[in-house]
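Breakdown of the fold
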Amino acid sequence: MTEAVISNGAISLAGVKEDGLEAAVRDHARLVYRIAYSVLRNHHDAEDATQETFMRVLRYRRKLEGIDDPKTWLARVAWRVAVERGKKQPDVSLNEQETGKALSELRAQLASAEESLLGQEMSALLESLISKLPESLHDAIRLSTVGELAPGEIARVLGTTESSVRSRVFRARQILKEKLAALEVRK
Amino acid sequence: MSSQHEDRLDRWLNTALRQHGNGEPRVGLEGRVIANLNSIQSRPSVRERRIWVLAASTAVAIIAISSVWFASQSKQNQQRNARNETVMHSLDTRGSAERTPMVSLRTQKESGHKGRRPTRQIVPNGWDPELASEPRLEQFPSPRPLSHEEGLLQAFIRNSPQQAVLVAQAQAERQKDLERLITRQSSKNDSEEKER
C-alpha cells in the first residue's frame, strides 16, 4: 500500500499527508541511511543524516508540486545532506601499523579462495583509497556500493548520464585495483 | 600484473566494495524517524514563534507608551486645572473680565467652543497670582489721605484765599531774604579765607 502511495506514477509529495510521509519513511529510510553511511562511514552520523533528510522532506513538502520518482528524489536529498555533513569530517588516514595490518589482511584474503569479511583496518584502507580518488569518481563508486541504486538512479542523483556513471565506476575500480596491487607489491 | 592475479583482485574488490557499502541501520530506524517528524510537526514552527514574540513585544510596547502618555497628560491636566482655579479666583475678586491675563478653560466652555482643544495658556514671567488678586489702581502713585496739617491748610485756603495769597507772598519774600543772607554770608567767609 505504501509503495503504491509513494511510487505509483507522479506522486504529489506536496499533497501527501502524514500517512504518505510515514509511508515514505518506511519504504526508503534504509536506502537513505545507506547512502548517508556510504559517505559518512559512521552509524551515528548516518542516522542523524537520515533524520535530517526526512526533516527536509517535511519542510519542503508544500513547495513541491509533484515528484516523478520519489525514490531518486529522496536519494538525492540524502546524498546532499550526507555530503554537506561529510565536509565537516576529518579525512581518513591510517598510521604505519594499521596500514601494515590491512595489507597483511589483503594478502591473506587474496591468497585464500574463500570470501571473507572485511576487517576494520582493511575497510579504513579502502575508504582512504576511495577518498583520494577524483571527486566525480569517488561519488560514483560510493553510490554504486549502495546496492539498492541502479546506475540510472545514480546518474539522476549525481545529475549526469547513466553511461557516464558506468564509465566513472569502471575508472574508479581500475585506479583502486592499481593502488592495491602497488601496495601489495611494496610490502 | 598477471591476468589470474588481476581476476583475484577484481573479485576481492567486488566483495570489499559490497561489504564497504553495506551499512545496516540499527533496528527501529523508521520508528525513530517517524517519532521525530511527529514531534517536529506538533511543535510550533520557528516562524510562528517569531510572529508571536513580535506581536507580544509590540503589544507590550504600545501599552507602555500609552500608559506613560496618559500619565503625563493627566499630570498636565491637574497642573492646568490648579492654575486655572487660581486665576479664576483672582478674576472673581477683581471682578473684571477685561483684565484677564489668560483664557481659562471655563470661559472657553462657556463661550461655546465645544470639541476644540483648549489654547495653550501663556503666563507672563514674574506674574504672581497673589499680587494680581489686589485691585488695580487708576492713579500712580496712589493718592493718600491728607494729614492733619495739610487739612488745616486746605481749609484756610478755601475759606480766605486772599489772605492765603498774602501769606504765601510774604513767605516767598522771606525765603528770598534768607537765601540772599545765606549767599552774602558764604561769600564773606570765602573772602576772609582768601585774606588769610
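This is a predicted model, so every value here is computed, not measured. (Residues numbered from 1 in each chain as written. Chains lettered and ligands numbered in written order. Predicted model: local features only at pLDDT ≥ 70, side-chain atom pairs only at ≥ 80, totals over all residues. Heavy atoms only, no water.)

Here we look at the overall build of chain A
How we decide: Numbered from the N terminus, helices here are DSSP runs of H or I no shorter than four residues, and strands are runs of E no shorter than two. Partly exposed residues are those whose accessible area sits between 20% and 50% of the maximum for their type, while under 20% is buried and over 50% is exposed, using a 1.4 Å probe and protein chains only. Pairs of residues are marked as contacts when any of their non-hydrogen atoms sit within 4.5 Å. All accessibility values rest on the Shrake-Rupley procedure with a 1.4 Å probe; residue burial counts only the protein chains present in the view.
In terms of helices and strands, chain A carries nine helices and zero strands. The order of helices and strands in chain A, counted from the N terminus, is α-α-α-α-α-α-α-α-α. Within chain A, buried positions represent 48% of all 187 residues. For chain A, long-range pairs separated by at least 24 residues make up 66% of all intrachain contacts whose partners lie at least 6 apart in sequence. Of the roughly 9600 Å² of accessible surface on chain A, a fraction of 49% belongs to carbon and sulfur atoms.

Concerning the overall build of chain B
A count of helical and extended segments in chain B gives seven helices and zero strands. Scanning chain B from its N terminus toward the C terminus, one meets helices and strands in the order α-α-α-α-α-α-α. The proportion of buried residues among the 196 residues of chain B is 15%. When contacts within chain B are restricted to residue pairs at least 6 apart in sequence, those whose partners lie at least 24 apart make up 37%.

Overview of the side chain of Glu47(A)
Among the secondary structure elements, Glu47(A) is positioned in helix α3 (residues 43–60). Those residues in contact with Glu47(A) that lie beyond four places of it in its chain are Tyr33(A), Arg26(B), Leu29(B) and Arg32(B).

A short note on helix α8 (residues 151–158) of chain A
All names here are of chain A. Of all the eight residues making up α8, six are buried; the element is thus mostly covered by neighbouring parts of the structure. Buried within α8 are the following residues: Gly152, Glu153, Ile154, Ala155, Val157 and Leu158. Once α8 ends, the next one or two residues include Gly159, with phi positive near 75 degrees.

A few points about a negative patch on the surface
Residues and elements named next belong to chain B. Counted only if it meets this: Patch definition: residues with relative accessible area over 30% and no salt bridge; like charges joined within 9 Å; nonpolar side chains (Val, Leu, Ile, Met, Phe, Trp, Tyr) joined within 5 Å. Only one rule defines a salt bridge in this text: a Lys or Arg side-chain nitrogen within 4 Å of an Asp or Glu carboxyl oxygen. Residues scored as positive are Lys and Arg, those scored as negative are Asp and Glu, and His as well as the terminal groups of each chain are ignored. In this description, the location of a charge corresponds to atom NZ of lysine, CZ of arginine, CG of aspartate or CD of glutamate.
Taken together, the side chains of Asp190, Glu192, Glu193 and Glu195 make up a negatively charged region of the molecular surface. Among the structural elements, Glu195 can be located in helix α7 (residues 161–195). Using a relative accessible area of 69% as the deciding quantity, one classes Glu195 as exposed.

Remarks on the packing of helix α6 (residues 120–131) of chain A against helix α1 (residues 3–20) of chain B
Going by this rule: Angles shown run from 0 to 180 degrees and are taken between the N-to-C directions of axes, each axis being a line fitted to C-alpha atoms and, for helices, limited to the stretch in contact. Any angle from 65 to 115 degrees is called roughly perpendicular, while one under 35 is roughly parallel, one over 145 is roughly antiparallel, and all others are oblique. Each residue is assigned to one of three groups, with Ala, Val, Leu, Ile, Met, Phe, Trp, Tyr, Cys and Pro labelled nonpolar, Asp, Glu, Lys and Arg labelled charged, and all others, Gly among them, labelled polar.
Remark: α6(A) packs on α1(B), axes separated minimally by 11 Å, with the N-to-C direction vectors making an angle of 95 degrees. Put simply, α6(A) runs roughly perpendicular to α1(B). Along the contact surface, α6(A) presents Met122(A), Ser123(A), Leu126(A), Glu127(A) and Ile130(A), while α1(B) presents Trp12(B), Leu13(B), Ala16(B), Leu17(B) and His20(B). Residues belonging to the contact of α6(A) with α1(B) are distributed by class as follows: seven nonpolar, two polar and one charged.

Quick word on the interface of chain A and chain B
Short version of the rule: Whenever two N or O atoms come within 3.5 Å, that pair is a polar contact, provided that in protein one can donate a hydrogen and the other can accept it, and provided that, for residues adjacent in sequence, both atoms are side-chain atoms.
On the chain B side, the residues contacting the 40 residues of chain A number 31 residues. Remark: the boundary between chain A and chain B carries six salt bridges. There are 10 residue pairs in polar contact (both at pLDDT 80 or more) connecting chain A and chain B. Contributions of two or more residues to the side of chain A that touches chain B are made by α2 (18–40), α3, α5 (96–111), α6, α7 (135–145) and α9 (162–186) of chain A.

A look at the packing of aromatic side chains
Given two aromatic rings, one states the distance between the centres and the angle between the planes to describe the pair. All names here are of chain B. Put simply, the rule reads: Put simply, two rings from Phe, Tyr or Trp (the six-membered ring, in Trp's case) pair if the centres are within 6.5 Å, and we call them stacked under 30 degrees between planes, edge-to-face over 60, tilted for the rest.
Here the structure, examined in full by the defined rule, presents two aromatic pairs over all chains. Ring centres of Trp69 and Phe70 lie 5.2 Å apart, and the angle between their planes is 70 degrees; on these two criteria the pair is classed as edge-to-face. Judged by relative accessible area, which is 53%, Phe70 ranks as exposed.

Remarks on the confidence of the model for chain A
Residues and elements named next belong to chain A. How we decide: Confidence of the predictor at the level of single residues is captured by pLDDT, which takes values from 0 to 100.
In this model, chain A carries an average pLDDT of 80, and 81% of its residues clear a pLDDT of 70 or more. Within chain A, the element-level pLDDT minimum falls on helix α1 (residues 2–7), averaging 41, and the maximum on α8, averaging 92. Taken together, the stretch residues 1–16 has pLDDT below 50 and engages in 34 contacts with residues farther than four places along the chain or on a different chain.

Focus on helix α4 (residues 70–87) of chain A
How we decide: The span you would expect from a helix comes to 1.5 Å times its residue count less one.
Across its 18 residues, α4(A) extends 26 Å between first and last C-alpha, which sits within 8% of the 26 Å expected from 1.5 Å per residue. Along α4(A), the residues that are buried comprise Pro70(A), Thr72(A), Trp73(A), Leu74(A), Ala75(A), Val77(A), Ala78(A), Trp79(A), Val81(A) and Ala82(A).

Some remarks on unusual backbone geometry
Notably, Arg41(A) is not glycine yet its phi reads approximately 60 degrees, a positive angle. Here Arg41(A) lies in the loop between α2 and α3.

Section: the packing of α3(A) against helix α2 (residues 29–42) of chain B
What counts is decided by this rule: Handedness of each helix crossing follows the sense of rotation of the near helix against the far helix: counterclockwise by less than a right angle gives left-handed, clockwise gives right-handed.
Two elements in contact, α3(A) and α2(B), have axes separated by 10 Å at closest approach and are oriented at 45 degrees. Looking at the two axes, α3(A) sits oblique to α2(B). Crossing handedness for the pair α3(A) and α2(B): right-handed. Contacts between α3(A) and α2(B) involve Glu47(A), Thr50(A), Gln51(A), Phe54(A), Met55(A) and Leu58(A) from the first element and Leu29(B), Arg32(B), Val33(B), Asn36(B), Leu37(B), Ile40(B) and Gln41(B) from the second. Among the residues making up the contact of α3(A) with α2(B), the classes are represented as seven nonpolar, four polar and two charged.

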